[in-house]
Amino acid sequence: MDAAFLSSYPALDEDQALLVKLQALKLVVFDVDGVLTDGRLLYTEHGETIKRFNVKDGVAMKLLPKWGIQVAVITAKDSAPLRQRMKELKVEHFYPGCHNKAEAFDELIERLDIAPDETAYVGDDVIDLQVMPKVGLALCPSDAHILVQRHCLITLKKTAGEGVAREVADMVLASRMTLESAYELAQKPEFEK
């Protein structure tokens, strides 16, 4: 465990059950817009959508599965840039254009044979409230809608698109080992393949 890193989160100091929840996770589910991106939609003159992703999140989403924690993305939006990014990150459990996030989540955990309390969900807006009450640990960026913040056990330090997935991965991994140990895998040349 990386106690030094985790001590920067008052919620973990105040409630030791949160640490147990982090340690129990087998699956982390991310929303996209407002979590992995800053939530802004940019359009080209041809009507194509441009999204800006944080490269730090990519490392996190590739690292978690290496430590046995599956990653999924459930998002209401769908676009070519989004599909390309998920392909680059080898996100196996990807649900684009999903308006019934609860149904997708239920199908996913049944297929993976993972209990709801072994899952975390990271979202920022009211559509994410379809899933948040179902999971063991709900998290949100610091600029999430107030209703979402009220349903989250942990409000992150990062804002949308500024490394939210990386912060979540660091918390999950730090609950199990030092971050130095966790990131040894990311330092190997084959990690980027």
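Thresholds, definitions, all that
Residues numbered from 1 in each chain as written. Predicted model: local features only at pLDDT ≥ 70, side-chain atom pairs only at ≥ 80, totals over all residues. Heavy atoms only, no water. Buried < 20%, exposed > 50% of the residue type's maximum accessible area, 1.4 Å probe, protein only. Helix = DSSP H or I, 4+ residues; strand = E, 2+ residues; numbered from the N terminus. Pairing = 2+ DSSP bridges. Disulfide = S-S within 2.5 Å. Salt bridge = Lys/Arg side-chain N within 4 Å of Asp/Glu carboxyl O. Contact = heavy atoms within 4.5 Å. Axes fitted to C-alpha atoms, helices over the stretch in contact; angles between N-to-C directions.

### So, the pairing of strand S1 (residues 27–30)
Then step 1. Burial along S1 is two-sided: Leu27 and Val29 facing one way and Val28 and Phe30 facing the other are all buried.
Then step 2. Where S1 meets strand S4 (residues 70–74), four bridges bridge the pair, whose relative direction is parallel. Each residue of the ladder has a partner; that of Phe30, found in S4, is Val73.
Then step 3. Relative to strand S6 (residues 119–122), S1 is paired through four bridges, and the arrangement is parallel. Pairing of Leu27 across the sheet is with Thr119, part of S6.

### So, the state of the cysteines
Then step 1. Within this structure, the stated rule accounts for zero disulfides.
Then step 2. Free of any disulfide, Cys98 has its nearest neighbouring cysteine sulfur in Cys152, separated by 18 Å.
Then step 3. Under the relative-accessibility criterion, Cys98 is labelled buried at 12%.
Then step 4. With no disulfide of its own, Cys140 lies 3.6 Å from the sulfur of Cys152, the closest cysteine sulfur.

### Looking at the pattern of salt bridges
Then step 1. With the rule as written, the count across this model stands at eleven salt bridges.
Then step 2. Residue Lys26 pairs with Glu118 through a salt bridge whose shortest N-O separation is 3.2 Å. Taken together, the residues Lys26 in the loop between helix H3 (16–24) and S1 and Glu118 in the loop between helix H6 (101–112) and S6 connect sequence positions 92 residues apart.
Then step 3. Look at Glu118 and you get buried, because its relative accessible area is 18%.
Then step 4. The closest approach of N and O atoms between Lys101 and Asp128, which form a salt bridge, is 2.8 Å. With Lys101 in helix H6 and Asp128 in the loop between S6 and strand S7 (137–140), the pair connects residues that are 27 residues apart, well separated along the chain. We note that Lys101, like Asp128, is buried.

### With respect to the sheet that holds S1
Then step 1. If you trace the six strands from one edge of the open sheet to the other, you get S5-S4-S1-S6-S7-S8, paired in parallel fashion. Each having just a single partner strand, strand S5 (93–95) and strand S8 (154–155) make up the two edges of the open sheet.
Then step 2. Helix-sheet contacts for helix H4 (residues 55–66) involve S1 and S4, and the interaxial angle to S4 is about 135°.

None of this, on its own, says anything about what the molecule does.
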